[in-house]
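If you want the building blocks of each chain, they are given just below.
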Amino acid sequence: MNNKWITILIIIVLVSAGGSALYFVDRSPAVDENIGIEPSGTEISIVDERGRNELLLSNILSGGVPKDGIPPIDKPQYISMKEAEELLRQNDRVFVVESAEGVKIFPQNILVWHEIVNDVIDGQNVSITYCPLTGSAIGYNCHLSETPTTLGVSGKLLNSNLVMYDRESDTYWPQILGEGINNKFADRVLETFPVYWTTWEKASQKYDNALVLSRTTGYIRDYEKDPYGDYKNPSSRSYYSSEGLMFPIMNVNNELNNKKVVVGIKGDDGVAALDPLYVRKKKVVNLVVGFDPVVAIYDETLDAVRVYKRVLNGEMIEFNMVNNKLVDNMHNYEWNVNGQVVSEPNIGQRLETLTSFDVMWFAWYAFYPETELIMGD
Amino acid sequence: MLRLKALYKDKTTRLWAIIIAALYYVLYLFSVGNLLFGRTSNGVDIVLQPTWQSIIFRQRVLFLWEPFGVLKISSVEVLLSLNMILGLALAFLIAVNFAAVIFLYRLPKQCRIDFEVKGIWAVLPSFLTGFACCVPTFLIPFASLLSGIAVYFIKIRPFLIPLAVGLLLWSIHYTIKKIPESYLK
């Protein structure tokens, strides 16, 4: 009797452990395990003698889920703003994408469970991506080759940030970096478009006919709940408000609170982190990122910062608020927050958008230790 | 087997075992995020995903299956997934463990040879498997204290259910063999 029980026990444990081990081996990171994580606090330039991509790959960690274990939404369905009114509270966070075909609104409480929405906007395959651990929402164009692809969630993290993969070549794309770091598309840069954080209250006041991402995602999740915390209640103790990080990062800087939200700006020759509260106070901030003249404009209707290259017809211009109107110093044109001239004779002429997005300070610095930090006066 | 029968035949032991198993089952479903409270639905309803056949066996992480439907009971929602079966299996093992402990405890004092309840700690690893999202979310409130621990937790997580099952079986074996022969008739 005793021997029989012991034999059954041993068989069950061996079979279960074997299954776990197979699962584990099958999903182990596709990186060199011998290259460890650099100790936190050590500043590492991304251009390292071992090669930037090798260094980045060696710092990728498992997020604990298999590929697409956090399932992207591949067939998004949308509802009207009236229908969404019943599902969203005024201070729920949403992400706004403006395009020629209209405005789409993506509730944060849906994206927190899926991280990527693959969609077609203006005839282009695009992905709206969101990483809860780094608070970054970025829009990417997925035309990498003749056949457009879609992005998936690799289940890996780099500097706590979502590592995406493309379904054509399985190239890894860290979300904040937006660049391929292995396989076919190594060193390719994904084209971005702006995704603005705001609240449902502000978005619903600004837009009349926007489409809102539906909870009919093909999956069942608790869309009432954010597993990481609560943006509606900043005083609550959660991942979003605490200093603590879940995973090691490549570069550490204590100048700001880890979770302080900055606007990360990528110029052609440099990067900068800008305090959105400074822009809110000044309404417009002229700055130079690398060699790029840049303007950050506060959009009061969305409580968001919009960033453009302040170059018009090859000439560098500067912006000021005059009588509550946004005016350039060169031609005295009046502009709107969309970077468009609204006064005669050049109505519709517009500024080039620059890659920029809200992101937690720790994550921006972890990727870009060379960043300039602009906190204002 | 005779010892298990002895546990089953004792009414008080059986009642307690069922209560404990039910409590564990509710806790387990809650811990894997398959039990939601405070919803706005009315009455009783079952909603299946249109694609339920294709997602029923899909694992989000090891031992955490994709929900394929929702059972709505007033303000409570139970997400239907294969975790309901795993939870039942674990609840059964826990019920037998507790039944053995309760049975031994209710014996006359002179018969309680080496009475111990250590085995019931075997239940703990099974709870740890449930609190997983893309990172073990139960760690999130302690993020500032446990920075970096998530990395190691993720590595051991796949082994927690086998560990729980192994410990529970071992504990049953260890406990029920203490039931005196005289109580097997």
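A short tour of the structure in this document, coming up. This is a predicted model, so every value here is computed, not measured.

Calculation rules
- Residues numbered from 1 in each chain as written.
- Chains lettered and ligands numbered in written order.
- Predicted model: local features only at pLDDT ≥ 70, side-chain atom pairs only at ≥ 80, totals over all residues.
- Buried ≥ 20, exposed ≤ 12 C-beta atoms within 10 Å, placed from the backbone.
- Helix = DSSP H or I, 4+ residues; strand = E, 2+ residues; numbered from the N terminus.
- Pairing = 2+ DSSP bridges.
- Core = buried A, V, L, I, M, F, W, Y, C linked by C-beta atoms within 7 Å.
- Domains from an automatic or database assignment.
- Contact = placed C-beta atoms within 7 Å.
- Axes fitted to C-alpha atoms, helices over the stretch in contact; angles between N-to-C directions.
- Parallel < 35°, antiparallel > 145°, perpendicular 65-115°, else oblique.
- Left-handed = near helix turned anticlockwise from the far one by under 90°.
- Nonpolar A, V, L, I, M, F, W, Y, C, P; charged D, E, K, R; others polar.

Description of the pairing of strand 3 (residues 93–99) of chain A
Residues and elements named next belong to chain A.
- The element strand 3 is largely enclosed, with a buried count of five among its seven residues.
- One ladder, built from four bridges, connects strand 3 with strand 12 (residues 196–199); its direction is antiparallel. When the bridges of strand 12 are listed, Phe-95 appears paired with Trp-197.

Things to note about the nonpolar core
- Counting residues in each nonpolar core, the largest one holds 139 residues, and the members touching the most others are A:Phe95, A:Phe106, A:Ala296, A:Trp364, B:Ile94, B:Ala95 and B:Ala100.
- At 12 residues, helix 4 (residues 83–105) of chain B tops the list of elements feeding residues into this core.
- Here this core spans two domains, since at least three of its residues come from each of domain 1 (52–213) and domain 2 (261–374) of chain A.
- For A:Phe106, the residues in contact, after removing those within four places along its chain, are A:Val94, A:Phe95, A:Leu111, A:Val117, A:Ile128 and A:Leu213.
- Core analysis: the second largest hydrophobic core is formed by five residues, A:Tyr219, A:Ile220, B:Phe68 and B:Leu79 among them.

Looking at the sheet that holds strand 5 (residues 69–73) of chain B
Residues and elements named next belong to chain B.
- If you walk across this open sheet you meet the four strands as 1-6-5-2, and the pairing is antiparallel. Strands with a single pairing partner mark the edges of an open sheet, and in this sheet they are strand 1 (35–36) and strand 2 (44–48).
- Bridge analysis of strand 1 against strand 6 (residues 76–80) gives two bridges, and the strand direction is antiparallel. Bridge assignment links Leu-36 to a residue of strand 6, and that residue is Glu-77.

Concerning the packing of helix 4 of chain B against helix 7 (residues 160–176) of chain B
All names here are of chain B.
- Viewed as axis vectors pointing N to C, helix 4 and helix 7 meet at an angle of 25°, and their least axial separation amounts to 9 Å. On the basis of their axis angle, the class for helix 4 and helix 7 is roughly parallel. For the element pair helix 4 and helix 7, the recorded crossing hand is left-handed. Contacts from Leu-90, Leu-93, Ile-94, Val-96, Asn-97, Ala-100, Val-101 and Leu-104 in helix 4 reach Ala-164, Val-165, Leu-168, Leu-169, Ser-171, Ile-172, Thr-175 and Ile-176 in helix 7.
- Of the residues belonging to the contact of helix 4 with helix 7, the class tally is 13 nonpolar, three polar and no charged.

Some remarks on the sheet that holds strand 6 (residues 124–131) of chain A
All names here are of chain A.
- Strands sit in the order 5-6-7-11 across an open sheet of four strands; the sheet is antiparallel. Either end of the sheet is taken by a strand with one partner, and the two such strands are strand 5 (116–121) and strand 11 (192–193).
- Pairing of strand 7 (residues 136–141) with strand 11 involves two bridges; the strand directions are antiparallel. Bridging across to strand 11, Gly-139 finds its partner in Phe-193.

Scope: geometric values only; no functional claims are made or implied.
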